[in-house]
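As a plain string of letters, each chain reads:
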Amino acid sequence: MSAAMDTESTYSGYSHYSGHSKKAHRQGRDRHKSPRSKDGSRSEKSVTIQTPPAEPLLGNDASRAEEGQDDNWGETTTAITGTSEHSISQEDIARISKDLEDSVGLECKRYLGLTVAAVLGLLVFLTPIAFILLPQILWRDDLEPCGTVCEGLFISVAFKLLILLIGTWALFFRQPKADIPRVFVFRALLLVLIFLFVFSYWLFYGVRILDSKDTNYQGIVQYAVSLVDALLFIHYLAIVLLELRQLQPMFTVKVVRSTDGESRYYSLGHLSIQRAALVVLENYYKDFTVYNPALLTASKSRAAKHMAGLKVYNVDGPGNNASGQSRAMIAAAARRRDSSHNELYYEEADHERRVKKRRARLVVAVEEAFTHIKRLQAEEQQKAPGEMMDPREAAQAIFPSMARALQKYLRTTRQQQYHSMESILQHLSFCITNNMTPKAFLERYLNPGPTLQYDRDRWFSKQWTLVSEEAVTSGLQDGVVFVLKCLDFSLVVNVKKIPFIKLSEEFIDPKSHKFVLRLQSETSV
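Residues numbered from 1 in each chain as written. Predicted model: local features only at pLDDT ≥ 70, side-chain atom pairs only at ≥ 80, totals over all residues. Heavy atoms only, no water.

A. Focus on the overall build of the chain. In terms of regular secondary structure, the chain is built from 15 helices and five strands. For the chain, the proportion of its 525 residues judged to be buried stands at 28%. Considering only residue pairs separated by 6 or more positions, the chain has 76% of its internal contacts joining residues 24 or more positions apart. When the accessible surface of the chain is summed, it comes to about 35,500 Å², and 58% of that surface belongs to carbon and sulfur atoms. (Helix = DSSP H or I, 4+ residues; strand = E, 2+ residues; numbered from the N terminus. Buried < 20%, exposed > 50% of the residue type's maximum accessible area, 1.4 Å probe, protein only. Contact = heavy atoms within 4.5 Å. Areas by Shrake-Rupley, 256 points an atom, 1.4 Å probe, with all protein chains shown as cover.)

B. How the structure looks around the packing of helix α5 (residues 148-171) against helix α7 (residues 217-244). Packing of α5 against α7 brings their axes to within 10 Å, and their N-to-C directions diverge by 20°. By the criterion of interaxial angle, the relationship of α5 to α7 is roughly parallel. Considering the relative orientation of α5 and α7, their crossing is left-handed. (Axes fitted to C-alpha atoms, helices over the stretch in contact; angles between N-to-C directions. Parallel < 35°, antiparallel > 145°, perpendicular 65-115°, else oblique. Left-handed = near helix turned anticlockwise from the far one by under 90°.)

C. Just the pattern of salt bridges, in detail. All chains considered together, the criterion is met by eight salt bridges. Of the charged contacts in the structure, one is a salt bridge between arginine 353 and aspartate 350, with a shortest N-O distance of 2.9 Å. With arginine 353 and aspartate 350 both in helix α11 (residues 340-381), this residue pair falls three residues apart, about one helical turn. Owing to a relative accessible area of 47%, arginine 353 belongs among the partly exposed residues under this scheme. In this structure aspartate 350 comes out as partly exposed when scored by relative accessible area, which is 33%. Where aspartate 350 meets arginine 354, a salt bridge forms, and the shortest distance between an N and an O atom there is 3.3 Å. Here aspartate 350 pairs with arginine 354, and both are found in helix α11, just four residues apart, close to one helical turn. One connected set of salt bridges, linked through shared partners, spans Arg257, Asp260, Glu262 and Arg264. (Salt bridge = Lys/Arg side-chain N within 4 Å of Asp/Glu carboxyl O.)

D. Quick peek at the pairing of strand β5 (residues 490-497). Relative to β5, strand β1 (residues 251-257) runs antiparallel, the two sharing seven bridges. Looking at the pairing, lysine 254 lines up with asparagine 494 of β5. For strand β4 (residues 481-485) and β5, the ladder comprises five bridges, and the chain directions are antiparallel. Bridging from a neighbouring strand, lysine 485 pairs with serine 490 of β5. Remark: four residues form the turn of the hairpin made by β4 and β5, two consecutive strands paired antiparallel. (Pairing = 2+ DSSP bridges.)

E. Summary view of the nonpolar core. Judged by nonpolar contacts, the single largest core of 29 residues is most densely connected at Phe131 and Phe197. For this core, the elements supplying multiple residues, two or more each, are α4 (90-138), α5, α6 (185-210) and α7. Examining the composition of this core, we find that 11 residues originate from one element, α7, more than from any other. Filtering out sequence-adjacent residues up to four positions away, phenylalanine 197 remains in contact with Leu227, Ala230, Leu231 and Ile234. By size, the runner-up hydrophobic cluster in this structure holds 28 residues, among which are Leu376, Ala405, Ile424 and Leu446. (Core = buried A, V, L, I, M, F, W, Y, C linked by side-chain atoms within 4.5 Å.)

F. Quick peek at the state of the cysteines. A complete count under the given rule lists one disulfide for this structure. The disulfide bridge from cysteine 146 ends at cysteine 150, spanning 2.0 Å between sulfur atoms. Of note, the bridge from cysteine 146 to cysteine 150 carries an S-S torsion of about -115° and is left-handed in sense. Taking the relative accessible area as the measure of exposure, cysteine 146 reaches 26% and is therefore partly exposed. Take cysteine 150: its relative accessible area is 1%, and that puts it in the buried class. (Disulfide = S-S within 2.5 Å.)

G. Inspection of helix α14 (residues 438-446) at higher detail. Those residues of α14 that sit buried are Pro438, Phe441, Leu442, Tyr445 and Leu446. Looking straight down α14, one finds its buried side chains confined to an arc of 125°; they lie on one side. (Arc of directions from axis to C-beta.)

H. Summary view of the UniProt feature "transmembrane region" (unreviewed entry) in the chain. This chain's UniProt record puts "transmembrane region" (unreviewed entry) on residues 111-133, 153-172, 184-204 and 224-244. Here residues 224-244 runs as 100% helix and 0% strand, with 29 Å between its end C-alpha atoms. (UniProt positions renumbered as here; feature names shortened; annotations may be inferred.)

I. Representation of the side chain of histidine 427 within the structure. Structurally, the position occupied by histidine 427 is in helix α13 (residues 421-433). A distance of 3.3 Å separates a polar atom in the side chain of histidine 427 from the backbone oxygen of phenylalanine 441. Leaving out residues up to four positions away in the same chain, histidine 427 has contacts with Ala440, Phe441, Arg444 and Tyr445. (Polar contact = N/O pair within 3.5 Å; in protein donor to acceptor, adjacent residues only side chain to side chain.)

J. Examining the packing of aromatic side chains more closely. All told, the structure shown has 19 aromatic pairs when counted by the stated rule. Ring plane angle 40° and centroid distance 5.9 Å describe the contact between tyrosine 284 and phenylalanine 489, whose orientation is recorded as tilted. Of the two residues, tyrosine 284 sits in helix α8 (residues 273-287) while phenylalanine 489 sits in the loop between β4 and β5, which places them 205 residues apart along the sequence. An aromatic cluster is present here, built from Phe131, Phe197, Tyr201, Trp202, Phe204, Tyr205 and Tyr223 joined pairwise through their rings. The cationic tip of arginine 257 hangs over the ring face of phenylalanine 489; the distance from NZ or CZ to the ring centre is 5.9 Å. Across from the ring centre of phenylalanine 288, 5.2 Å away, lies the NZ or CZ of arginine 264, which sits over that ring. (Phe/Tyr/Trp six-rings, centres within 6.5 Å; stacked < 30°, edge-to-face > 60°. Lys NZ or Arg CZ within 6 Å of the ring centre and 35° of its normal.)

K. Main features of the sheet that holds strand β3 (residues 465-468). Taken in spatial order, the five strands line up as β2-β1-β5-β4-β3 in an open sheet, and their pairing is antiparallel. The sheet is open, and its two edges are formed by β2 (263-268) and β3, each paired on a single side. This sheet shows a mean twist of 25° between the axes of neighbouring strands, independent of strand direction.

L. Layout of a nonpolar patch on the surface. A contiguous nonpolar surface patch, about 860 Å² in accessible area, is contributed by Phe154, Ile155, Phe159, Leu162, Leu165, Ile166, Trp169 and Phe173. Structurally, the position occupied by phenylalanine 173 is in the loop between α5 and α6. (Patch = residues over 30% accessible without salt bridge, like charges linked within 9 Å, V, L, I, M, F, W, Y side chains within 5 Å.)

M. How the structure looks around α5. The terminal C-alpha atoms of α5, which comprises 24 residues, lie 35 Å apart, in line with the 34 Å expected from a rise of 1.5 Å per residue. Those residues of α5 not exposed but buried are Cys150, Leu153, Val157, Leu161, Leu164, Gly167, Thr168 and Leu171. (Expected span 1.5 Å × (residues − 1).)

N. Region of interest: the packing of helix α12 (residues 391-412) against α14. Taken N-terminus to C-terminus, the directions of α12 and α14 make an angle of 30°; their axes are 11 Å apart at the nearest point. On the basis of the axis angle, α12 is roughly parallel to α14. Only Phe441, Tyr445 and Leu446 of α14 make contact with α12, whose side of the interface consists of Met402, Leu406, Tyr409 and Leu410. Here the contact of α12 with α14 is composed, by residue class, of seven nonpolar, no polar and no charged. (Nonpolar A, V, L, I, M, F, W, Y, C, P; charged D, E, K, R; others polar.)

In structure tokens:
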């Protein structure tokens, strides 16, 4: 063991010779050495499940640059050296070009919708002003004088337009959180309603006022006021349809991650399938633990080993009848399969023992490092202000004392791909700046946190695919199932309607709780 550690520290500058890559190489070599079955009938019934080729987590190409990072940063805390090689294939070029085309299409669709909404909103706000100004410009000399009531209507139009402008900005002009595959039905209906409404007002205005050159200017101003009032009511309708309608919970959705079976429950209101998918994804990033494919490799290797143990060979050849020997071999393979639970039990027990041991070492190392920080802070207070150490320098000073224990713990729990040395130093300097305890520093590493806790380049997925038998613009219904797919896993969503609950009241008479205690004076003595 000591020789291996010395060798590892000697070659720590080269990240391609890490222990993790050697283990993966041995696993690949063992797969190539798996025996082949000579029984033709047995091979016809075998089922081969091919896993997709290994890709960066959640489809982010930025994580490829992190693969060259040295996993042995625990032994190389003062200097980091290494080599990096990058290559690109024809499939990568095709995939990159497809991503660019998809992104261009999404950008065009997004800006087209914003452009249409902006033009229609500008038309809505300029229409009442145009109704008031056009008579003053075209036939001003023929207009009747505007009295006090007419001038008061000017103030009413101005304030109502201001209120409508603020409400429209708050409701519609918000930064979109995602691109949905289909049009938002209620928003499209509102835009169509507003367009038809404004068009009908302009049509009536052109026929009854512009053509006839109406001289009743107060009536024209009241016509503009009625338009603004109707626009305010449409804005209220938009608030009800877009915001208030979905607040009351009507459905309960169960979200299950396909790889490890982690699940959560959420309550949703009246939403379309595509908007429900957005709500599920928003909650997924903050509620689900980060997806770690390394935790699934142990179960896959164990299943492959047991499947290899179930192969049966006919040693007498295909032409001879050796049914008794074949039955004995099948029984032996079955007994071996039945004893696999013992192997699983001891593997999990040994893994838990190693995790607890390395966790204890990590806690002790971090507590000693923070104790050293307190001593440094006491010494720094006695120095001049210009000689004080900043939190970054303090973190770099105490990090080597805990680096090895932290590295071994992260490797044992298979979290090393989510924590780089730079991110750990930043978190350590943050804890030192805010005077946090060692327990607060270790919380990120001892308990796998939600997806948002980690670096965005390591978990963020550019695109999710919504798979549903129903139309994505249709509303949620009882029994609807849809799937959200990304590169490495999928989220299966099952919708159940909240049952109707009937409550009844039962009146209890307060006098029914009263009782009488009768004592007998006679005794048996």
